[in-house]
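Structural description and commentary
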Amino acid sequence: MFFCTFSLLQLLWNYKLNLTTDPKFESVAVEVCKTTISEIKECAAEELGKGYLVSCLVDHRGNISDYQCNQYITKMTTIVFSDYRLICGFMDQCRDDINALRCGSISTGEKDIHSQGEVIACLEKGLVREAEEQLGAHAIKDDCKKSIMRVAELSSDDFHLDRYLYFACREDRERFCENTLAGEGRVYKCLFNHKFEEAMSERCREALTTRQKLIAQDYKVSYSLAKACKSDLRKYHCSADSNMPRAREARLSYLLLCLESAVHRGRVVSGECQGEMMDYRRMLMEDFSLSPEIVLHCRSEIEGHCSGLHRKGRTLHCLMRVGRGDVGAIDPDCQRALQTLIQEADPGADYRIDRALNEALIIIKFLLCCRSCRILSCLMEHLYTEKMVEDCEHRLLELQYFIARDWKLDPILYKKCQGDAARLCHTHGWNETSEMMPPGAIFSCLYRHAYRSVEQGRRLSRDCKVEVQRILHQRALDVKLDPELQRRCMTDLGKWCSEKTEAGQELECLQDHLEDLLSDCRDVVGNLTELESEPLGKTLNCSRCCAIGDIQIEALLMQACEPVIQTYCHEVADNQINTGDLMECLVQNKHQKEMNEKCAVGVTHFQLIQIKDFRFSYKFKTACKEDVLKLCPNIKKKVDVVICLSTTVRNDTLQDAKEQRVSIKCRKQLRVEEVEMSEDIRLEPELYDSCKQDINRLCQNVAFGNAQVIECLKENKRQLTQRCHQRIFKLQENEMVDPELDYQLMRVCKHMIRRFCTESEGKNVLQCLKQNKNSELMDPKCKQMITKRQITQNTDYRLNPVLRKACKADIPKFCQPILNKATADSELEGQVISCLKLKYADQRLSPDCEAQIQVILQESALDYRLDPQLQIHCTQEISRLCPEEAAAQEQTGQVEECLKVNLLKIKQEGCKKEVLNMLKESKADIFVDPVLHTACALDIKHQCAAIPPGRGRQMSCLIEALQDKRVRLQPECKKRLQDRIDMWSYAAKVAPADGFSDLAMQVMTSPSKNYILTVIGAGVALLFMGGLLCGRITKRVTQELKDR
């Protein structure tokens, strides 16, 4: 039975062989394919009788248009591909390699004829092993290689012709591709698409992988790809050229790179060809083993970290994760192989090419992105947000790591910047590289030109600059996405930021330590921060869901700030004009109730980064760059620049300069920056550094922001260290000159300023508020804040610019001893103002100074806290004698009245002296004594209406009215006035008059005024008469002497 079967098979094989060599069949072929042979020159030249003609027609069957010839050759093809030995020349060219690889017998009858397809499969696997440089791989002869690839190419039309694959995948074809018609490679493609299905048999999957690897070596092995892209390949000269950068036998790579380059340059590539390219790009991303370089150079990484993850692109993403440095180290050759594969597959142009990423984001892409947006860019904008799932986040970062290292792989960036890159960075084609300018260096070149000034020239186009900023905005989320930053800052990242592992924290950490970084790292972080601070505007072709806006912060912060943006900044957000207004709006509304902690922290970080370099603040840089270069050269820190420009503005104002040196647009923005800096002590580094110790000691429970820490330091000023005290005093001095810089005052009294001071200049705001302090419409919180500022002003004349100007001549004239005793670093605690008060009582001040002291006397008479010297010397006595009056919510002079009434009970000499001074001051003007003035208001109106206030005139008028029996004063006025006279009498005994004016005042207010004046008058008269008598005697003696 066996012998019969063997003989039959032998007879059948000989019959097939004769079919290919018999001249009769050749003559039939000549007859049937007469027209075709004449069209195909290669076949017309073949010698008859050796089977070459039929073989040649089989090779060119794709070009046969004649129906009868096509049918004949199809039948002959089935016969020829049933056994490799029937293929013309194959046996002669591959005999040695078949034996060396032990792929089977070349003798007829030793094996099942139908198993002869396994021999070709064996050779194909040997060819793949050689390409992957596997250990012990046999080097197949070049002629045999060509024959193997030719056989694979000839069988690309119909999967029946690949005998090994056909038998391996018969059941899988029925399972997955039952309705797919054979021919034109359709069944192959169907099976490829289902290669990683669980139901796919392992034998078929292995056969399909081998065929895909052959396609990777020669695209012609794919019938559909070769046919669809034939004209485009010819049109764009995409042949395997040894001069191309990657001169290997990876012709599919050449095809993809060449045609992708044409697409990226805006050339027309047929839709059918692009569809085929996308299929094979996806194929490369799905199965790493189809890339010989990956298999060759990434073996250890795959074995060590990525084993068992072969399917659906998981191994490739695992290698990307290793490449990022997330798990272990990666060999440089493996890194380069991965980068090459990413360029070949070009997943940046279409996320669907990356199956692992595509499957991870299917459930979220419609939640995040609008239809017209590029998906990958949109996904990056939503990285680390609540909508982003963890698996998608990982896949996205793994892919973006490699896209970031070749600028061409971001299609939007390449489209907008290819002209700029060619002009400024000397790039060439999409698939061309240069050792002088490698792909990773192109983006660095672009962003170096992004922040050049007009004078420096060679700037980026607007569209390209927008895309560069978009990339920087995305890279800020993860240091690993910025190759240059990662390379230059590796040491600093390890030194300063090793514990910063959350999203975006590494870049924030580097920005926080900007002054401490190595110069290379500091430069790249500085340039990145400057460019990132510039407004980006809305991403083109995207609706608001994908808009970035002019706020250069990550999507996390944008999401956190959404409530504030919707409530306070929606108009700015909706109508951005690329000016940084959105961030400015967020800063201004940082303390609104809608502001949550995440947004507040993010906005504050933004402000803290800006102070390190004025270039980091886009609006300030734009408005003041020319002024800085002219007036403040070589200054970089924003705080120092602001101080420099502010000083220039102040000096020009004080000197009444004809023209301000600082431009008006800079002055406007300078005011914004000064106000923003006053909001948080950390925004003024020198002040913060000087007061750190005091903050920890006195204000440790006070939150930063809203100027709360600064206010705490002001309230504890007497307990501050000398260095901090000096800084706080200087700050207060500036705020009193320009109250708009007093953040707490402007915040608390915001509505009152609008009500009472709309017409006042900024420098007069506090003065206006003081004048309206006692209005019934005044807000209690604002009133309390005004009182605080009044207390501050009265501690030192230097903190009251109006008084300082009015009393410029009086202070050195009357109070020089106090100034001589004071040190430059100490406050005067109200001593100068007390000195001026006494001179006011003596009526010795200039009119302007007298007017200001009168205001101070009237204010402090209503509130004892406005008199620093009284506070210092009488604190204990007030607590002992006047606790209820001091505890009153509204101060109307009751504490002062209590001290006056209890003058005899005061034990401390310092306090007694201050009360006596009060009494003395009250003689000079009744307005200084609010209790007496209130009691006698009606009497002043009736009895002293014609007498102007000041210089004690109205007080003298009332005393005269009291002593005049014909005048009847109001009982309360009479009682209060008599009490004051008694107090003054006591004061005269305890504290004798300091001078003639003081003595005159005591006389005028004495009950025995008439008697004293009569005695004084009599004495003066006697002196006068005596003088006359003495004068006449002297004159007579002189005359007698002359007569002699």
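Criteria and cut-off values
Residues numbered from 1 in each chain as written. Predicted model: local features only at pLDDT ≥ 70, side-chain atom pairs only at ≥ 80, totals over all residues. Heavy atoms only, no water. Helix = DSSP H or I, 4+ residues; strand = E, 2+ residues; numbered from the N terminus. Buried < 20%, exposed > 50% of the residue type's maximum accessible area, 1.4 Å probe, protein only. Areas by Shrake-Rupley, 256 points an atom, 1.4 Å probe, with all protein chains shown as cover. Polar contact = N/O pair within 3.5 Å; in protein donor to acceptor, adjacent residues only side chain to side chain. Contact = heavy atoms within 4.5 Å. Phe/Tyr/Trp six-rings, centres within 6.5 Å; stacked < 30°, edge-to-face > 60°. Disulfide = S-S within 2.5 Å. Core = buried A, V, L, I, M, F, W, Y, C linked by side-chain atoms within 4.5 Å. Expected span 1.5 Å × (residues − 1). Arc of directions from axis to C-beta. Salt bridge = Lys/Arg side-chain N within 4 Å of Asp/Glu carboxyl O. pLDDT = per-residue confidence, 0-100. Patch = residues over 30% accessible without salt bridge, like charges linked within 9 Å, V, L, I, M, F, W, Y side chains within 5 Å. Axes fitted to C-alpha atoms, helices over the stretch in contact; angles between N-to-C directions. Parallel < 35°, antiparallel > 145°, perpendicular 65-115°, else oblique. Left-handed = near helix turned anticlockwise from the far one by under 90°. Nonpolar A, V, L, I, M, F, W, Y, C, P; charged D, E, K, R; others polar.

Across its full length, the chain holds 62 helices and zero strands. Residues classed as buried in the chain amount to 52% of the 1044 residues present. When the accessible surface of the chain is summed, it comes to about 51000 Å², and 51% of that surface belongs to carbon and sulfur atoms.

Let us look at the side chain of Ser156. Examined against the element boundaries, Ser156 turns out to sit in the loop between helix H9 (142-154) and helix H10 (163-168). Here Glu153 takes part through its backbone oxygen, which lies 2.6 Å from a polar atom of the side chain of Ser156. Filtering out sequence-adjacent residues up to four positions away, Ser156 remains in contact with Gly185, Tyr188, Arg211, Lys220, Val221, Ser222 and Tyr223.

Right, let's talk about the packing of aromatic side chains for a bit. Evaluation of the coordinates by the stated rule reveals six aromatic pairs. Their ring planes at 45° and their centres at 5.0 Å tell us that Trp407 and Tyr414 sit as a pair that is tilted. Tyr414 carries the same exposure label as Trp407, and that label is buried. Ring centres of Tyr688 and Phe704 lie 5.9 Å apart, and the angle between their planes is 80°; on these two criteria the pair is classed as edge-to-face. Placement of the pair is Tyr688 in helix H41 (residues 685-698) and Phe704 in the loop between H41 and helix H42 (708-715), with a sequence separation of 16 residues.

Before going further, it helps to examine the state of the cysteines. Within the structure shown, the criterion is met by 27 disulfides. There is a disulfide in this structure between Cys229 and Cys273, and the S-S distance comes to 2.0 Å. Residues Cys229 and Cys273 share a disulfide whose torsion about the S-S bond is about 105°; that sign makes it right-handed. Pair noted here: Cys229 is in the loop between helix H14 (223-228) and helix H15 (230-235) and Cys273 is in helix H17 (residues 271-286), with a separation of 44 residues, a long-range link. Here Cys229 falls in the buried class, since its relative accessible area comes to 0%.

So, about the nonpolar core. Counting residues in hydrophobic clusters, the biggest one holds 97 residues, and the most contacted among them are Leu252, Leu255 and Leu259. Setting aside residues no more than four positions away along its own chain, Leu255 makes contact with Tyr219, Leu225, Leu233 and Met277. By size, the runner-up hydrophobic cluster in this structure holds 35 residues, among which are Leu413, Val479, Leu517 and Val524.

Right, let's talk about helix H60 (residues 971-990) for a bit. Across its 20 residues, H60 extends 29 Å between first and last C-alpha, which sits within 8% of the 28 Å expected from 1.5 Å per residue. Among all positions of H60, only Cys973, Leu977, Arg980, Ile981, Met983, Trp984 and Ala987 are buried. The arc enclosing the buried residues of H60, seen along the axis, measures out at 165°, which places them on a common side. Turned more than 90 degrees away from the buried face of H60 sit Pro971 and Lys989, all of them exposed. Along its buried surface, H60 packs onto helix H55 (894-901), helix H56 (909-924), helix H57 (930-935), helix H58 (937-943) and helix H59 (953-963).

Inspection of the entire model under this criterion finds 58 salt bridges. The salt bridge involving Lys717 is made with Glu827; its shortest N-O contact spans 3.2 Å. Of this pair, Lys717 sits in the loop between H42 and helix H43 (722-737) while Glu827 sits in the loop between helix H50 (816-821) and helix H51 (831-841), placing them 110 residues apart in sequence. Taken as a pair, Lys717 and Glu827 share a single burial class, namely buried. Overlapping salt bridges, with partners in common, bring together Glu897, Lys900, Asp929, Glu972, Arg976 and Arg980 in one network.

Glancing now at the confidence of the model for the chain. Here the chain shows a mean pLDDT of 80. Residues at 70 or above account for 82%. Low pLDDT, under 50, characterises residues 106-114; the stretch is placed with 24 contacts to residues that sit more than four places away or in other chains.

The buried fraction of helix H20 (residues 314-324) is high, at nine of 11 residues. Buried within H20 we find Thr315, Leu316, His317, Cys318, Leu319, Met320, Val322, Gly323 and Arg324. At the C-terminal side of H20, Gly325 shows a positive phi close to 90°.

Moving on to unusual backbone geometry. For residues besides glycine, phi is generally negative; the peptide bonds are generally trans as well. At Glu133, a position not held by glycine, the phi torsion is positive, near 55°. As for its position among the elements, Glu133 is in the loop between helix H8 (117-131) and H9. The backbone of Ala707 sits at a positive phi, close to 60°, despite the residue not being glycine. Looking at the element boundaries, Ala707 is found in the loop between H41 and H42. The exposure class assigned to Ala707 is buried, which follows from its relative accessible area of 5%.

Another aspect to go through is a nonpolar patch on the surface. The grouping of Phe1024, Met1025 and Leu1028 at the surface amounts to a nonpolar patch, some 330 Å² of accessible area in total. Mapping Met1025 onto the fold places it in helix H62 (residues 1009-1043).

With that out of the way, let us pick up the side chain of Glu132. Considering the arrangement of structural elements, one finds Glu132 in the loop between H8 and H9. Those residues within four positions of Glu132 in sequence are excluded, and the remaining contacts are Lys213, Ser289, Pro292, Val295, Leu296 and Arg299.

This part takes up the packing of H17 against helix H21 (residues 332-345). Interaxial distance between H17 and H21 falls to 9 Å at its minimum, and their mutual angle equals 155°. One way to sum up the angle between H17 and H21 is to call them roughly antiparallel. Crossing of H17 over H21 shows left-handed handedness. Residues Arg281, Leu284 and Met285 of H17 lie in contact with H21, whose contacting residues are Leu341, Ile342, Glu344 and Ala345. Residues that form the contact of H17 with H21 fall into these classes: five nonpolar, no polar and two charged.

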